[in-house]
Amino acid sequence: MKNAEGKTRWTVARRVVQVCALVLFCAPLVAAGWGLLGRFGGAQASDAAVATPAEGVFFGSLSSSQVGGVTILDPFAALQVAAAAKAFDPAWLVGALPVLIVYGLIRGRAFCGWVCPVNLVCEAADWVARKLNLRGRDEAGRPSDGARIPRHAKIGVAAAVLVLSALASIPVFEAFSPISAVNKGILFGSAAGLVTLAAVLAAELFWGRRVWCRSLCPLGGFYEVLGRAGLVNVRIDHAACVHCDACSRACLADPEILQPALDGKDAIVRAGDCMACGACVDACPTRALKLGVGRPPRPKAPGGATFGATAPSALGDAAPAVAPRSPHQTASTAPQGGKEGSFRS
């Protein structure tokens, strides 16, 4: 996915962060001689004392970590534990608060786009599916995104997980999370979530693009709600937008979240589903999109005029700043951006 300058700035940066996140969690285990996948290094063969990773500055997983002796918790995991225990410990809130603050200020689903290892795996699977045409093609001849499930369904899944956690007295999602299958599997050899991960990959390859991430992941549903207050947003220059739909084809969350901005009804992508991943920014051929900090209020056009409309000209005509999307505009007539969802560094 390239912008007008031929750069894949945000995509490359995001992949670097995703890999660095994995390395960050692996480093304490390797440094202590414990190895990965639940295996110990060579030190276990002797009777000498072996250092524990927890003695370092950082140790843990995406569910729970220690940073300088301070416990940091996944907020959704903490909610599940509270529901399962049918009790509340203020320490859980203290542990979850740093994560809530960071993602609340940035964007809730920035975790999904920049940190979650399942997203990285799904991007690779999506690339394979498109290269091998496993999901077929749409009416315009482009690789099909397959079946669609409403993107807000994952909020209901998140609520259901909390209810089930209370009923079963265990944190339900932690038992089948594909995130654990990757993160805790690499670190500790945990098999929890492997079946779910396999199902997620099968859906990505043969059913539809981002079925899990867009519509079913309960952690994504939790962060979607939190993401409605984020300060990092995709901004649009309506005058530069040529409505080629390159951004919609590249979007990792759901193309419909871009529609209000593309239709001239908003200056930013406001939906809580936005991952601030920058895929749409990199795909835009005219640099009409950019990531910026700040959340302007939702525009209210006076008198029902379209947002972005200019003042009447000297001839008395109102010239809209945003060209309406033509129903006949197709990929064959619109300027082309980068490849949709391309998986390359």
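Notes on the structure follow. (Residues numbered from 1 in each chain as written. Predicted model: local features only at pLDDT ≥ 70, side-chain atom pairs only at ≥ 80, totals over all residues. Heavy atoms only, no water.)

Sheet architecture is open: 3 strands sit in the order 1-2-3, paired in antiparallel fashion. Strands with a single pairing partner mark the edges of an open sheet, and in this sheet they are strand 1 (58-60) and strand 3 (70-73). Taken over all neighbouring pairs, the strand axes of this sheet differ in orientation by 20° on average, direction set aside. Across 3 bridges, the pairing between strand 1 and strand 2 (residues 64-67) is antiparallel. Residue pairing in the sheet places phenylalanine 59 in a bridge with glutamine 66 of strand 2. Of the strands in this sheet, strand 1 and strand 2 touch helix 1 (residues 9-31), which is tilted by about 100° from strand 1. (Pairing = 2+ DSSP bridges. Helix = DSSP H or I, 4+ residues; strand = E, 2+ residues; numbered from the N terminus. Axes fitted to C-alpha atoms, helices over the stretch in contact; angles between N-to-C directions. Contact = heavy atoms within 4.5 Å.)

Turning our eyes to something else, we now look at the packing of helix 2 (residues 75-85) against helix 11 (residues 218-226). Running from amino to carboxyl end, helix 2 crosses helix 11 at an angle of 110°, the nearest separation of the two axes being 10 Å. It follows that helix 2 is roughly perpendicular to helix 11 by the angle criterion. Residues Pro75, Phe76 and Leu79 of helix 2 lie in contact with helix 11, whose contacting residues are Pro218, Leu219, Phe222 and Tyr223. Its residues assigned to classes, the contact of helix 2 with helix 11 comprises 7 nonpolar, no polar and no charged. (Parallel < 35°, antiparallel > 145°, perpendicular 65-115°, else oblique. Nonpolar A, V, L, I, M, F, W, Y, C, P; charged D, E, K, R; others polar.)

Here 4 bridges tie strand 2 to strand 3, and the two strands are oriented antiparallel to one another. Residue serine 65 lies in a different strand from strand 3, and its bridge partner there is isoleucine 72. The antiparallel hairpin formed by strand 2 and strand 3 contains 2 residues in its connecting segment, where glycine 68 sits at a positive phi of about 60°.

All chains considered together, the criterion is met by 0 disulfides. Summary of cysteine pairing: cysteine 280 is not part of a disulfide, and the nearest cysteine sulfur, belonging to cysteine 277, is at 6.3 Å. (Disulfide = S-S within 2.5 Å.)

All chains considered together, the criterion is met by 12 aromatic pairs. Among the aromatic residues, those joined into a cluster by ring pairs are Phe76, Tyr103, Phe111, Phe173, Phe176, Trp212, Phe222 and Tyr223. (Phe/Tyr/Trp six-rings, centres within 6.5 Å; stacked < 30°, edge-to-face > 60°.)

Turning to unusual backbone geometry, a few remarks are in order. In the Ramachandran plot, lysine 86 falls in the positive-phi region, its phi being about 55° despite a non-glycine side chain. Among the structural elements, lysine 86 can be located in the loop between helix 2 and helix 3 (90-105). Residue class for lysine 86 comes out exposed when judged on its relative accessible area of 55%. Despite not being glycine, arginine 210 shows a phi value in the positive range, around 55°. On the basis of relative accessible area, arginine 210 is assigned to the buried category, the value being 1%. (Buried < 20%, exposed > 50% of the residue type's maximum accessible area, 1.4 Å probe, protein only.)

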